[in-house]
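Listed below, chain by chain, are the residues.
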Amino acid sequence: MNLNNIDTQDIELDLLLRAVYMKYGYDFRNYSKAHLKRRINQRLMLSDLNSISELQHKLLWDKSFFRFFLQDLSINVTEMFRDPEFYASFRKKVIPDLKTYPHIKVWHAGCSTGEEVYSLAIIFKEENLLNRTQIYATDFNKGVLETAKQGIYNKKEMDLYEQNYADAGGTGKLKDYYTSKYGSVLFDKSLTKNVVFADHNLVTDGVFAEVNLVFCRNVLIYFDKTLQSKVLDLFSNSLAKRGFLCLGTKESLKFTGYDENYSAVDKKLKIYKKTQLTK
Amino acid sequence: MIKTVVIGASYGGMDAIKTILQALPKSFTVPMGIVLHIGNNKISSFLSILNAQTNYSVKEAEEKESVKSNTVCFAPPNYHLQLEDNATFSLSTDKKVNFSRPSIDVLFETASWALKEECLGILLTGSNNDGAYGLEQIKKAGGTTIVQSPETSAAKLMPENAIKKCQPDFILDLKDIAAKMVEICA
């Protein structure tokens, strides 16, 4: 092997991720490298730094800077009823099954700023399930959890969300669930009465609870295959018998080795049902 | 040796891509990744046409799918397409870049990191600013770059921007691009 072929930036990136893990306990070493490099290069530009090594120095010696870095590596693009056809299918194919349970536990992993937590809660409410459902909404980023807890969003987004809601098979109007003020909207607190927002890191933390539904959409795409299978293992161990797993529409169990443990409820929209007791 | 060809196109891109893929000989098997700005509903019918009328297996890229010869992978609507170091495609729902998701710059830049000089980047017709930065990154990393000549482009702006920004290795009429790809990858 010719060591000179290793790109200097790749060496720097490797060292940075190790330093961050040792210093702060957050492990990004198995994130998609293209994703990391894009986000980190943006940070270099924003903070006027010349190299990843400089960023590493700053991160090691300036603890207050770390929260920017954490924000940079968070997955923070989300919307209410994202992929409405997924929610429509969820309503049709998963809800009837959940209705047979006296109590339902849901783990929404990587919930970010919470738009999809409210989406899910609205569906459960419309299906008369919300009162007997416990939702754990988790993320590793405490900042986004705070936003999720507040349930305040920009009014500008609401036209799109109203349309998504209708396409997702909503039975009323989305605007019935929020009040508007000064360009913002505040979602009805009764929606999150049974939601616990909690700090949980998929990479370094263990099984959260035994649940009937794991909801984790567009998070796994940011991980490499090794980490994907580790997290899928965590989900398998968290799911009760015949529990459901909902992934993002471009995420799949196909290349992971886990497809044998699940049957597809909706193959196209990535809704799966656990078929085995253990992994 | 070129390991993957990455192509970006916007307005007028369907015809341009079809022209190129149909002109490539069967012996040309280098994997291709493509970002085409196109309406969400049109892509699947376009891909089935290409599948039927070219020598290649043409499909939407799947998450963590390996880059394969004889295969052309398109970015799915509303996702960025990235190339990883280990010769797999990955997808991302990150913010739009140049008002676009998928963005050509994202594919090109990640390809430049993953492939260095083993990358061929081709920017075709379009009427926005996407792709110029990414093509520059491919060139800086030692890769080879082609831009469709503005005169043969349905929309000139995108090729013109790229030509200005990065002095591509080749500026070619649409009909000559396939032959040059064969020559470069030989």
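Residues numbered from 1 in each chain as written. Chains lettered and ligands numbered in written order. Predicted model: local features only at pLDDT ≥ 70, side-chain atom pairs only at ≥ 80, totals over all residues. Heavy atoms only, no water.

1. A word on the overall build of chain B
What chain B contains, in helices and strands, is six helices and nine strands. For 186 residues, the compact-globule estimate of 2.2 N^0.38 gives 16 Å, and chain B sits close to it at 14 Å. Seen through its principal axes, chain B has C-alpha atoms that stretch 35 × 35 × 30 Å. Classification of the 186 residues of chain B by burial places 60% in the buried group. (Helix = DSSP H or I, 4+ residues; strand = E, 2+ residues; numbered from the N terminus. Rg over C-alpha atoms; globule rule 2.2 N^0.38 Å. Buried < 20%, exposed > 50% of the residue type's maximum accessible area, 1.4 Å probe, protein only.)

2. Describing the overall build of chain A
Within chain A, the secondary structure is distributed over 10 helices and 10 strands. If you line up chain A on its principal axes, its C-alpha atoms span 60 × 50 × 30 Å. For chain A, with 279 residues in total, the buried portion stands at 55%. Summarising the internal contacts of chain A: among those between residues at least 6 apart in sequence, 76% fall at separations of at least 24. (Contact = heavy atoms within 4.5 Å.)

3. Some remarks on the interface of chain A and chain B
On the side of chain B, 25 residues touch chain A, which itself brings 25 residues to the contact. Here chain A and chain B share an interface that buries about 2100 Å² over both sides, 48% of which is from carbon and sulfur atoms. Three residues, Arg 38, Ile 221 and Lys 250 of chain A, lead the burial of chain A against chain B; their summed loss comes to 33% of the area buried on that side. Linking chain A to chain B there are four salt bridges. The shortest N-O distance in the salt bridge between Arg 39 of chain A and Asp 94 of chain B comes to 2.4 Å. Viewed at the interface, chain B and chain A are joined by 13 residue pairs in polar contact (both at pLDDT 80 or more). Those elements that place two or more of their residues in the side of chain A that touches chain B are α1 (8–24), α2 (33–46) and α10 (225–238) of chain A. The dominant element in the side of chain A that touches chain B, judged by the number of residues it contributes, is α2 of chain A, at seven residues. Partitioned by chemical class, the residues of the side of chain A that touches chain B number seven nonpolar, seven polar and 11 charged. (Buried area = accessible area lost by both parts, 1.4 Å probe. Salt bridge = Lys/Arg side-chain N within 4 Å of Asp/Glu carboxyl O. Polar contact = N/O pair within 3.5 Å; in protein donor to acceptor, adjacent residues only side chain to side chain. Nonpolar A, V, L, I, M, F, W, Y, C, P; charged D, E, K, R; others polar.)

4. Describing empty space enclosed by the protein
Residue and element names in this part refer to chain A. A full pass over the atoms with the stated rule returns two cavities of 30 Å³ or more. In this structure, the largest cavity occupies an estimated 270 Å³ of space. Gly 110, Cys 111, Ser 112, Asp 139 and Val 219 are the residues nearest the centre of the largest cavity, which is lined by 24 residues in total. Looking at the lining of the largest cavity, the elements with two or more residues in it are β1 (104–109) and β2 (133–139). For the lining of the largest cavity, the class distribution of residues is 11 nonpolar, nine polar and four charged. The calculated volume of the second largest cavity comes to roughly 40 Å³. (1 Å grid on protein atoms, 1.4 Å probe; cavity = no way out; pocket = protein on both sides within 12 Å on 5 of 7 lines; lining within 4 Å. Points joined across faces, edges and corners; volume = space filled by probe spheres on them.)

5. Let's talk about the pattern of salt bridges
Taken as a whole, this structure holds 28 salt bridges over all chains when the rule is applied. Put simply, Lys 68 of chain B and Glu 65 of chain B hold a salt bridge, and the shortest N to O gap is 3.3 Å. Residue classification places Lys 68 of chain B among the partly exposed positions, given a relative accessible area of 40%. Assessed through its relative accessible area of 2%, Glu 65 of chain B is described here as buried. Salt-bridge contacts for Asp 176 of chain B lead to Lys 175 of chain B; the nearest nitrogen and oxygen are separated by 3.4 Å. Among the charged side chains, a salt-bridge network with shared partners connects Asp 10, Lys 33 and Lys 37 of chain A together with Asp 85 of chain B.

6. Thoughts on the sheet that holds strand β5 (residues 184–187) of chain A
All names here are of chain A. Spatial ordering of the open sheet is given by β3-β5-β4, a layout of three strands whose pairing is antiparallel. Each edge of the open sheet is held by one strand with a lone partner, namely β3 (152–154) and β4 (178–181). The average angle at which neighbouring strand axes cross in this sheet is 30°, direction not considered. With three bridges connecting them, β3 and β5 associate as antiparallel partners. Following the sheet pairing, Asn 154 is matched in β5 by Ser 184. (Pairing = 2+ DSSP bridges. Axes fitted to C-alpha atoms, helices over the stretch in contact; angles between N-to-C directions.)

7. Focus on a nonpolar patch on the surface
All names here are of chain A. Taken together, the side chains of Ile 6, Ile 11 and Leu 15 make up a nonpolar region of the molecular surface, amounting to roughly 230 Å² of accessible area. Mapped onto the fold, Ile 6 is located in the segment before α1. Owing to a relative accessible area of 37%, Ile 6 belongs among the partly exposed residues under this scheme. (Patch = residues over 30% accessible without salt bridge, like charges linked within 9 Å, V, L, I, M, F, W, Y side chains within 5 Å. Areas by Shrake-Rupley, 256 points an atom, 1.4 Å probe, with all protein chains shown as cover.)

8. Structural notes on the confidence of the model for chain B
Per-residue confidence for chain B averages 96 on the pLDDT scale, and 100% of its residues sit at or above 70. As a predicted assembly, this complex carries a pTM of 0.92 together with an ipTM value of 0.91. (pLDDT = per-residue confidence, 0-100.)

9. Notes on the side chain of Ser 153 of chain B
Residues and elements named next belong to chain B. Note that Ser 153 resides in the loop between β8 (144–148) and α5 (157–166). The exposure class assigned to Ser 153 is buried, which follows from its relative accessible area of 6%. In terms of polar contacts, Ser 153 uses its side chain to reach the backbone carbonyl oxygen of Ser 149, at 3.0 Å. If we skip the residues at most four places from it in the chain, Ser 153 touches Thr 125, Gln 148 and Pro 159.

10. Some thoughts on the pairing of strand β7 (residues 211–216) of chain A
Residue and element names in this part refer to chain A. Counting buried positions over the six residues of β7 gives six, a clear majority of the element. Where β1 meets β7, three bridges bridge the pair, whose relative direction is parallel. Bridge pairing in β7 links Val 106 to Leu 213. Alignment of β7 against strand β8 (residues 239–247), held across five bridges, turns out to be parallel. Across the sheet, Cys 216 pairs through a bridge with Leu 247, a residue of β8. With α10 bridging β7 and the parallel β8, this β-α-β connection has right-handed handedness. (Right-handed = clockwise from strand over helix to strand, strands pointing away.)

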